[in-house]
Amino acid sequence: MRRLLAAVGVVGALTACGSDFEDETLVVDLRILAAKAEPPEVFVELGPSRAGLPFFTIASDPQSVRVSVLVVDPRVGPLDDARVSFEVWACLAEGPIGCGSGGAASRGDDEGGGSTRASTTFPVAKGEGSLESLVFDFEPTAEQLNVFLTEDPYGGFGGLYVQVDFTLKMASGETVRGAKIISYQTALITRREGEPPPPERRTNQNPRLSSLRVDEAIVTPFDPFPLGGSTRPLRVEPVFEASLEVETYPVITFPDREGRAPGWQQLEERLSFNFFATAGRFDEDDVDTRRPTGSARELSVNYEPPRAPTAQDAIWVVTHDDRGGTTWVKWSLSQGAGGRASSGQ
Amino acid sequence: MLIGALMGQPAWAQAPRLGGRVIDSTGQPVIGARIATDDNVFETYSLADGTFAFEAIQSGELVLMIDEPDFEVLTFRVTLLSDGVLSLELRLSPLKKAKGGARSGDGETLIVKARRPAGNLTRYTLEREVLRSVPGSFGDPLRAVQNLPGISRAPYSVGILLVRGTGPGDSAVFVDGHEIPLAYHFLGGPSILAAEMIHEIHFLPGNFSSRYGRAIGGIIDVTTRDGTRDEFKGAVDIDLFDAGFFVEGPVDDRTSIAVSARRSYIDTILRGAASASGKPVAAVLPVYYDYQARIDHALTGRQALTLLLFGSEDHLSVVGEPSGSGPDTGVDARIAFHRAKAEWSIDLTNEARLEVSPVVGIDQTSLGAGAVSIDATAMEYGLRVDLKLKPLETLEVRTGLDVLARDVELSAFVPLNVPRYRPFPNTNAGDREPESLKRTVSLTTAALFAEAEFKPGDGPLTLSPGARAELFAYFDQRRFAIDPRVNARFALTDSLSLKGGAGLYSQNPTETRLDPELGNPLLPLEWAEHYALGFELKTTRLMSVEATAFLARRHDLSVPSETPTLTADGAAPERFAATASGRSYGLELLIRRELGQGFYGWIAYTLSRAEERPDDASEYELFPLDQTHHLIAVFSRRLPSSWEVGMRLQLVSGNLDTPIIGRVFDADQSNYAAITGAPDSIRQSLYHQLDLRVEKTADYGDFKLAYYLDVQNVENAPNAEFTTWDYRFRESAPVPGIPVLPTLGVRGTYL
C-alpha cells in the first residue's frame, strides 16, 4: 500500500509546481557532511562455536576504530567559538538509523522496516572537539559485540554491523545528529560443494580520491583549486584510477530454497561522490550522488564559482564505497591565486 | 390511453417473459416509469428507451399499474400463460393539470435505485442513462459510481477502488460476470467502457453474493446492453481530452450489433502547448483508447447468443523535457487488456434458466524507467455457468461454476529487491545492478457456488443463504476455501425494510508475492468477515433513505517481511509473511430523490474507521487511506429550453500524514533519515471540491446536439494530498491535488 501511495505521490510531485527548498550541495549552516571510520571494517577473532544462534561469537576485544566527523559551519569565523561537544552511543545497525536515545529514524520505505526497534544501546564516548576535526575512538568489548550478535536477526550471518550514533552540540546550543556503521567480519568464507575456493578476504579500506579534473587541469588533493579568476562554470570530475582504487571482495551467499548450503560470490566495490560548497553553486541536475564505478555515465558536475570567495569558502568532495568506506578532500577558495587544499583521506 | 399487446414472439432476447415499452401521448419513451403488480410483489422500471422487462413474474391473471408524476394513473389487467411471452406497449396520458417541465426522452435521466437484492445485501444500481449528467464525472458512468456511499476518495482521482477501508487490490470489477484488470484509464482518466454500452452498474460495497469471489473488499458489476433492433442509432462525443463514437442497430430481425470506440488526444494538445511556450515542462499524461463491440442473436427455442469484444490500452507519455541533463525522468508505462466473451442462454422452463459464458483474454503490462524494465503478458481463460431455478413461488435458487486460469509470463531487467547475500545495512535496492529475470506464473481457481432466496410462509422475511467453495492452485500449492454467506431482509411495512448479513470472503495474494524467488509461495489465502445491518425506507414516492452499519475484518494479509528464515546452514529472507490483519467499521447513509419534476439528487455520507496491524502482537493503527468523514451531495435540474445544470460537492477528511520531529544524518548513505512521530497521527486539511455542469441540448428532429461544460474543482481549492520535505526534513511544502479542471464537449446523437 505505501509503495502505491509513493507512486501516486511521485506522479503528483511531477505534475505539481516545484518547491523552493534549499540546495543540498550548498552549506550555509551547521551540518555533518561525512563521517569516516578507520578502519571501516574489522576482522574479529572467532570464539568457540555453539549450537543455535548466533552463527559465531567473538572471542576477544577487537581492534579500536577511530571515527572522524566532518562537521562544518560556514557562519563560524576564525575568532568565533568553534568548539563542539559530542555524545556517542552504539547499537545494532539493522533497521532504523540511530540508536534508541533521541529516537530512531525510519527509512523512507517503511513497508519493510518500522520505526521502532528494541536494541541494546551502549555509551561510547563523550567529549569535545572542534569543527572539521572532531574525532573519537570506538572500542567495543567482545562482550558488547556478542550482545549485538544475539540481537542480530541474521545471527551474524554475513557479518555484524554496529552503528555509532553521535550528537554534536555547538557552543551556541545548536545540535546535529549523525550515525556511522562499522562492520565486523570474519576472515572465513564458506563455499558449496563443487565451488572453487573463495579468494583470501581482506578488510575493507577507505577509498582514496586520486584527483579531480577541473576543466582540463588535473588537481590532486594537495593542489590549489583552480578558480581561474572568473566566475564561468567549471567542469569538475573525480578521477578514478582503477588500478589503485577498485576493490573486489567475496561475500557469503544465503542458502537457497532448494536447500543448498551457503556459498560465496565475488563483488566489485562501487564508489560514489558527494559535492558540497559554501559558496558558488553546483548544478543540481548534474549531482547524482550514487554512480557506480565503471558506469558509462560521465562522472562530472558543473560548478559555478562565487564572484568574491572569502578565505572561509571551500568545497568538499566526499567519496564513499558501498561497504562503509569514506573519505573527503577539501579545497579552500580564495580570489585570484586559487585555493588551497586539505585532505581528509 | 391505448394499449397494444403482442403474443408469442419476444421482442427482446433476454430473460423477462413480460415486458414492453412505455410511451407518452407523443410517442416518446417514458423513462423510469414504475410498472408493478397491484400487490407490489413484482415491479420493474422503464429504461431510457422506455422498454421494461420483469425478471421474474408469475403466470395467471395480473393487475398492473403505472403511477407516474405528470401522467394519469394507468391500471390494466393481463392474463399471462405459464409458457407465455407477452409484450405490451403502454401509452400514458398526461395529467390534465401538468405540474412541472416536460419529460424529455433523450435518455439522459438519472435514476439511482436500490432494487430488491438477489443475494446481495446492499446493492446500489445505476442505469446507463443515470450517469451522464453527474457533475464532475465528465459524463463517465463508472466515475459516477464513486459518488455512492462506501467508496473512499482516491488521491488525484486515480482509478483505484477503495471500498470500506480496503486496499485497491481487494476489490474487483466485473463486466458481464467476468473480472477485468482495471476499470479506469490512467491518472484519473475515464472508465474503459463507453456510457452508451452500459446497461447497469451494480456497486456492492460488501456482503455480496456467492456468485462473486476472489475479492475481500467490494464489487462493481457492470452489465452491457444489447443493440437496438429497431433502426440504426449513433452518437459522437468530443471534448478536450478525447473523442469517441457509438453506433447500434439491427443486422436482421433476430440480430443486433452495438459498437463503440474512443481515443484520447490531450497529450498532443499539451505537447504543442509546451513546445509553443518554449519553457521546459515535465508532465506525465495518459494516452488511451478503448473499444467495445457486441452482437446479440436470438436463437430458436428460447435461446440467445451474445458475443462481446472489448479492450483498452493506456500509455504514459512524458510531455516536455526536464532542464539540464540531470536525473533521468524518462518514463514509459503501458497497460492493455483485451477480452472476448461469449454467452449462450436458454430458458429451460418458465422457472429455469441456464447461462454458459466462456471468456478468453490477454493482459499486457510494461514499465520502463531508465535501465529498469518490466514486461508481463498474461493469458486468461474463464468459464461461468449459471443456473437459475424457481422451484417454488417463494424460493429461488441459483447455482453455478466459476473457473479462471491465468498464465503470466514475466520478463524483467530490474535490481532484485532482495539480494542473494546480506547487504550492507540500509543499502537501497536501486543501487544494485539490474538483473535479467524471466518467470512463468500460473494461477488457476475453480469455484462452485450456490445461493437461494427464500420467503418463509411468503411472509415479510426474505432469507438469502449462500456458499462458495473455491480451489486456488499456484506453483505446487493448493488452497481451498469454503465461504458461507447469508443475507436477510425483513419488510416491516410496505416502505420500511430491515436488512442484515454476514459472510466470509477469500482471495489469493498477488502473483508477484507468490513467486518462489521474489516472494513466498507458502503464503495462505487472505480472507475477510463481513457483517452489516441496516434499513431501507421509502419516505415518499420519490424520496428514500438507506442506512447500513458495517464491520469488516481481514486476516492473513501478506506484507513485506525482512525477517530472515534461519536454518542450520544460514539465513534467507522470508520476503513476505501473512501476519497482517485489518478491520474497518462505520455507517453509510444515502438519501436520494429520484427524478421527478425535472430534478434529482442525493446525499451520500460515510462515517468510518479503517485500521491495520502488521501482526497480532502489534496494536491496530489507522489504515493509510482512512477517511473518517466522506460527504457527497449531487443535484441536477432540468430547466426550460433544454438546459440542464448540476452541482456536486465533496467533503472528505484530509489524508493521513506522519509528523517529522527530527532527523539523523546517515553518514554511509550521505542522506538524512527522518525521525517520525506517531505514524499517521495527523491529517492534511479538509478536502473540499465543488463541481459544476451545464448542458444545453439542441433538437434537430432525429439528430440532437448537446453542448456541455463540466468543471471539476470550480474553486481551484489546493487540497493538499501530501507533504514534501527538503533534503534534511526541516522545511516542508504541501503537494496540491488536481486544480480546476474544465472540459468543454459536444455530443451528437442520431435518433
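Scoring rules and cut-offs
- Numbering of residues starts from 1 in each chain and follows the order in which that chain's sequence is written.
- Just so you know, chain letters begin at A and ligand numbers begin at 1, following the order they were written in.
- Predicted model: local features are reported for residues with pLDDT of at least 70 only, side-chain atom pairs are reported and counted for 80 or more only, and whole-chain, interface and lining totals are derived from all residues.
- Computation of side-chain values covers all heavy atoms of the structure but excludes hydrogens and water.
- To qualify as a helix, a DSSP run of H or I must reach at least 4 residues; to qualify as a strand, a run of E must reach at least 2; elements of each kind are numbered from the N terminus.
- A 1.4 Å probe rolled over the protein chains alone gives each residue an accessible area, and that area as a share of the maximum for its type sets the label: buried under 20%, exposed over 50%, partly exposed in between.
- Working rule for contacts: check all heavy atoms of both residues, and any pair within 4.5 Å makes them a contact.
- Here, Shrake-Rupley sampling with a 1.4 Å probe gives the accessible areas, and only protein chains in the shown set may cover a residue.
- By disulfide we mean two sulfur atoms from cysteines, separated by a distance within 2.5 Å.
- In what follows, salt bridge is the name for a side-chain nitrogen of Lys or Arg lying within 4 Å of a carboxyl oxygen of Asp or Glu.
- Confidence scores per residue from the predictor, reported as pLDDT, run from 0 to 100.
- Here a polar contact means two N or O atoms within 3.5 Å. Within protein one must be a hydrogen donor candidate and the other an acceptor candidate, and residues neighboring in sequence count only if both atoms are side-chain atoms.
- Here a strand pair is declared whenever DSSP counts at least two bridges between the two strands.
- To count toward a patch, a residue needs a relative accessible area above 30% and no salt bridge. Like charges then connect within 9 Å, nonpolar side chains (Val, Leu, Ile, Met, Phe, Trp, Tyr) within 5 Å.
- When charges are counted, Lys and Arg contribute as positive and Asp and Glu as negative, whereas His and the chain ends are disregarded.
- Think of each charge as sitting on NZ of Lys, CZ of Arg, CG of Asp or CD of Glu.

Each helix and strand in chain A was counted, giving three helices and 19 strands. Looking at chain A as a whole, 50% of its 345 residues are labelled buried. The long-range fraction of contacts in chain A, counting pairs at least 24 apart against all pairs at least 6 apart in sequence, stands at 70%. When the accessible surface of chain A is totalled, it reaches about 15,200 Å², and 50% of it is carbon and sulfur.

Before going further, it helps to examine the state of the cysteines. Residue and element names in this part refer to chain A. Within the structure shown, the criterion is met by one disulfide over all chains. Disulfide pairing is shown between C91 and C99; the S-S distance is 2.2 Å. On the S-S bond that ties C91 to C99, the torsion sits near -90°, and the link is left-handed. Here C91 falls in the buried class, since its relative accessible area comes to 1%.

Moving on, we come to the pattern of salt bridges. When their charged atoms lie close together, side chains carrying opposite charge are able to pair. Across all of its chains, the model carries 56 salt bridges over all chains by this definition. With its nearest N and O atoms 2.6 Å apart, the salt bridge here joins A:R177 to A:D165. Taken together, the positions of A:R177 in strand β8 (residues 175-185) and A:D165 in strand β7 (residues 160-170) put the pair twelve residues apart, joining distant regions of the chain. In this structure, B:R609 and B:E611 form a salt bridge, with 2.6 Å as the shortest nitrogen-oxygen distance. A relative accessible area of 36% places B:R609 in the partly exposed class. Exposure remark for B:E611: the relative accessible area of 5% places this residue in the buried category. Through salt bridges with shared partners, a single ionic network connects B:E179, B:R211, B:R214, B:R384, B:D386, B:R398, B:D402, B:R468 and B:E470.

Turning to the confidence of the model for chain B, a few remarks are in order. Caution applies to low-pLDDT parts of the model: their predicted coordinates are not meant to be read in detail. All names here are of chain B. Counting all residues, the mean pLDDT for chain B is 83, and 86% of those residues have values of 70 or more. Confidence over residues 1-16 falls short of pLDDT 50; this stretch has 39 contacts with residues more than four positions distant or in other chains. Long-range and interchain partners of residues 322-329, a stretch whose pLDDT sits below 50, account for twelve contacts in this model, where long-range means more than four residues apart. Reported confidence for the predicted complex is 0.90 by ipTM and 0.78 by pTM.

So, on to the side chain of B:N655. All names here are of chain B. As for its placement among the helices and strands, N655 is situated in the loop between β34 (643-652) and β35 (656-657). Judged by relative accessible area, N655 falls into the buried class, the value being 9%. A distance of 3.3 Å separates the side chain of N655 from the side chain of R153, its partner in a polar contact.

What follows deals with the sheet that holds strand β15 (residues 281-282) of chain A. All names here are of chain A. Taking strand neighbours across the sheet as the criterion, the five strands line up as β10-β9-β11-β16-β15 in an open arrangement whose pairing is antiparallel. The open sheet has two free edges, formed respectively by β10 (217-219) and β15, since each of these has just one partner strand. Note that strand β9 (residues 211-214) and strand β11 (residues 234-239) share four bridges and pair antiparallel. The residue of β11 that forms the bridge with R213 is E237.

Our focus in this paragraph is a negative patch on the surface. A cluster of acidic residues, B:D49, B:D230, B:E231 and B:D702, forms a negative patch at the surface. Overall, B:D702 belongs to the partly exposed group, its relative accessible area being 45%.

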